[in-house]
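Fold and geometry: a report
Below, each chain spelled out in residue letters.
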Amino acid sequence: MKTIHTQLLVIGGGLAGFAAALEAAERGVDVLLLEKLEATGGSSAMSGGCLAFAGTDLQAANGVVDSAELLQRDLLEVGNHENDAEVVQAYVDNQLDTYYWLRGHGVEFSPVIEASSGQSVPRVHTVDPADTVRQLVSKCRANGRVTVMTSTKALRLLRDSETSPVKGVIAEEPEGEFILLARDGVLLACGGFGQNSEMVHRFAPHYVNAVFVGGDGNVGDGLRMAWKLGADLRDMAYIKGTYGKHPVDMQNHHSCLAVYKGAIAVNQDGQRFVDESISYKLLGDAVMSQPYHTSFQIFDQPIFESGDDRVRILDFGRRLEEGLLIKADTLEALARMIEVPHDALRQTLDAYNLGVDNGEDPAFGRKALVHHHGRLCRIETGPFYAYPSTAAVFGTYCGLRVDASMRVIDVFDAPIPGLYAAGEVMGGFHGGAYMTGSALGKAVVFGRVAARTMITARTAEAEVAGLA
Ligand SMILES: Cc1cc2nc3c(=O)[nH]c(=O)nc-3n(C[C@H](O)[C@H](O)[C@H](O)COP(=O)(O)OP(=O)(O)OC[C@H]3O[C@@H](n4cnc5c(N)ncnc54)[C@H](O)[C@@H]3O)c2cc1C
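Criteria and cut-off values
Residues numbered from 1 in each chain as written. Predicted model: local features only at pLDDT ≥ 70, side-chain atom pairs only at ≥ 80, totals over all residues. Heavy atoms only, no water. Pairing = 2+ DSSP bridges. Helix = DSSP H or I, 4+ residues; strand = E, 2+ residues; numbered from the N terminus. Axes fitted to C-alpha atoms, helices over the stretch in contact; angles between N-to-C directions. Contact = heavy atoms within 4.5 Å. Expected span 1.5 Å × (residues − 1). Buried < 20%, exposed > 50% of the residue type's maximum accessible area, 1.4 Å probe, protein only. Arc of directions from axis to C-beta. Polar contact = N/O pair within 3.5 Å; in protein donor to acceptor, adjacent residues only side chain to side chain. UniProt positions renumbered as here; feature names shortened; annotations may be inferred.

All right, on to the sheet that holds strand β3 (residues 31-34) then. Taken in spatial order, the six strands make up an open sheet running β6-β3-β2-β10-β20-β19, and their pairing is mixed. Of all the strands in the sheet, the pair left with one neighbour each is β6 (146-149) and β19 (407-409). Between one strand axis and the next, the sheet turns through 35° on average, direction left out of account. In terms of strand pairing, strand β10 (residues 186-188) meets strand β20 (residues 415-421) through three bridges, oriented parallel. The residue bridging L187 from the neighbouring strand is Y420, located in β20. Seen against the sheet, helix α1 (residues 15-26) touches β2 (8-11), β3, β6 and β10 and runs at an angle of roughly 170° to β3.

So this is what it looks like as structure tokens:
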């Protein structure tokens with residue numbers, strides 16, 4: 001079998017993989033990156049492009065006062081303190097530098113306007129996601145130290161014994177299998193397992209009826225390769241779908257979150273079932289227990305007009321153009337169109353509006369539009385709108401246990417030498433739920449952290465051996 005040698009091996013060509021590859025290459029290290037599909041990008045390229053950063057110039061430009069401390073508090077609060085505090089700290093310590101690093105590599109961010117799920121202040125920094133991956137790929141190419149092999153899949157991790165470092169992988173390209181040996185270790189950046197319904201079902205049976213959207217290659221290869229070596233797991237109990245996905249349309253795979261602009265969510269019986277301001281992951285849980293696992297976001301013309309065509313999840317106009325948003329002049333007509341009993345819907349809306357007037361929502365205690373932000377508004381001015389909404393599993397947000405340096409930790413709390421993980425393949429960061437932008441954010445931030453760790457570990461080894 002042929003053998004290829006490299007310094008640092010990255011498995012997976014999404015944002016985590018390319019951030020790691022570029023970081024390492026810029027530090028003078030040769031990198032080989034494997035991508036099993038013909039094209040790079042993974043879930044990163046098809047995502048909503050929202051990244052969570054705190055303390056940026058774009059926030060300041062819009063008068064948003066944010067800080068690392070507030071970001072940390074929010075991440076832990078949203079995660080219900082189930083997150084690994086050290087991993088959260090690593091994100092907080094490295095995020096601002098990563099934002100400027102991306103900017104320095106030509107990535108363009110839209111102005112920061114909206115606070116979203118889990119955010120005390122607006123911190124969604126939006127990019128064109130496919131373009132961002134392309135930007136990092138082209139920087140890797142220009143650097144000259146990164147070799148990208150597409151249509152090449154990592155099959156198994158290699159090490160000489162149970163205690164020796166991971167030294168590479170067996171990989172498969174169209175011509176056959178080969179051995180790839182990596183001097184500085186192996187980084188798993190091969191995404192989650194959202195496209196492996198059997199595996200999702202094993203950990204999250206309640207999501208069996210959800211819609212699954214994500215990179216085609218994300219079937220849990222990284223998890224299985226690392227399990228074989230005894231890797232531990234984090235957050236598996238918290239696989240969640242994202243609320244707001246149209247149940248049948250597969251053209252626009254993004255969620256629509258009119259609830260965060262003041263819509264209510266009702267089930268097929270016309271009843272609300274949740275405080276709509278909570279994390280869209282928790283809303284995902286809530287909708288899965290409703291009849292037919294579906295619901296409607298109901299809103300009126302002023303809420304429609306408060307949409308924002310720069311933010312995919314708030315672009316109501318586009319949903320209308322796509323024929324996904326149902327519109328009627330009266331509530332009664334809307335109820336008829338969505339086959340919800342009109343009397344029940346009317347009662348639900350009247351009770352909600354009364355709660356808005358009285359400053360309290362007796363049914364579910366909703367106090368804000370999203371997280372702790374925004375005043376509730378009456379829903380009363382036609383035309384009225386309904387957006388059919390279920391939950392989509394966009395990512396798995398759980399996986400390999402890592403330490404703050406992205407070393408993979410085994411079931412007996414020891415690092416597996418030579419093995420690192422970053423991005424969606426890792427667990428521990430989100431804990432119980434998820435803040436908007438923190439998955440793409442963690443891909444880039446932790447990809448870079450992992451690369452630095454790998455290089456530092458190698459340098460330290462070389463020093464001990466008197467080679468540095
Ligand atoms: C529709 C959608 C919208 C989203 N919106 C947002 C958002 O706005 N903000 C946010 O924070 N998060 C969002 N997410 C989640 C986010 O996109 C992902 O968590 C993130 O992109 C993961 O990055 P990654 O680099 O770890 O994985 P990916 O980008 O998925 O890359 C992993 C790559 O590894 C490859 N691979 C897998 N196995 C192997 C193997 N054995 N050998 C070689 N290659 C392999 C895959 O083919 C893939 O290309 C969204 C996800 C989706 C699907």
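Here we come to helix α6 (residues 129-143). In this model, α6 (15 residues) spans 21 Å end to end at C-alpha, consistent with the 21 Å of a helix rising 1.5 Å per residue. Residues of α6 that are buried: P129, T132, V133, L136, V137 and C140. One side of α6 holds all its buried residues, which, seen down the axis, span an arc of 135°. Facing away from the buried side of α6 by over 90 degrees, the exposed positions are R134, R141 and A142. For α6, the secondary structure elements touched by its buried residues are α1, α2 (42-46), α5 (85-104) and β6. The N-terminus of α6 is capped by D128, whose side-chain oxygen sits 3.2 Å from the backbone nitrogen of A130. With its phi angle positive at about 90°, G144 sits one or two positions after the end of α6.

Turning our eyes to something else, we now look at the UniProt feature "domain: FAD-dependent oxidoreductase 2 FAD-binding" (unreviewed entry) in the protein chain. The sites that carry the UniProt feature "domain: FAD-dependent oxidoreductase 2 FAD-binding" (unreviewed entry) are, in the present numbering, residues 8-439. Secondary structure over residues 8-439 splits into 30% helix and 20% strand, and the C-alpha atoms at its two ends are 24 Å apart.

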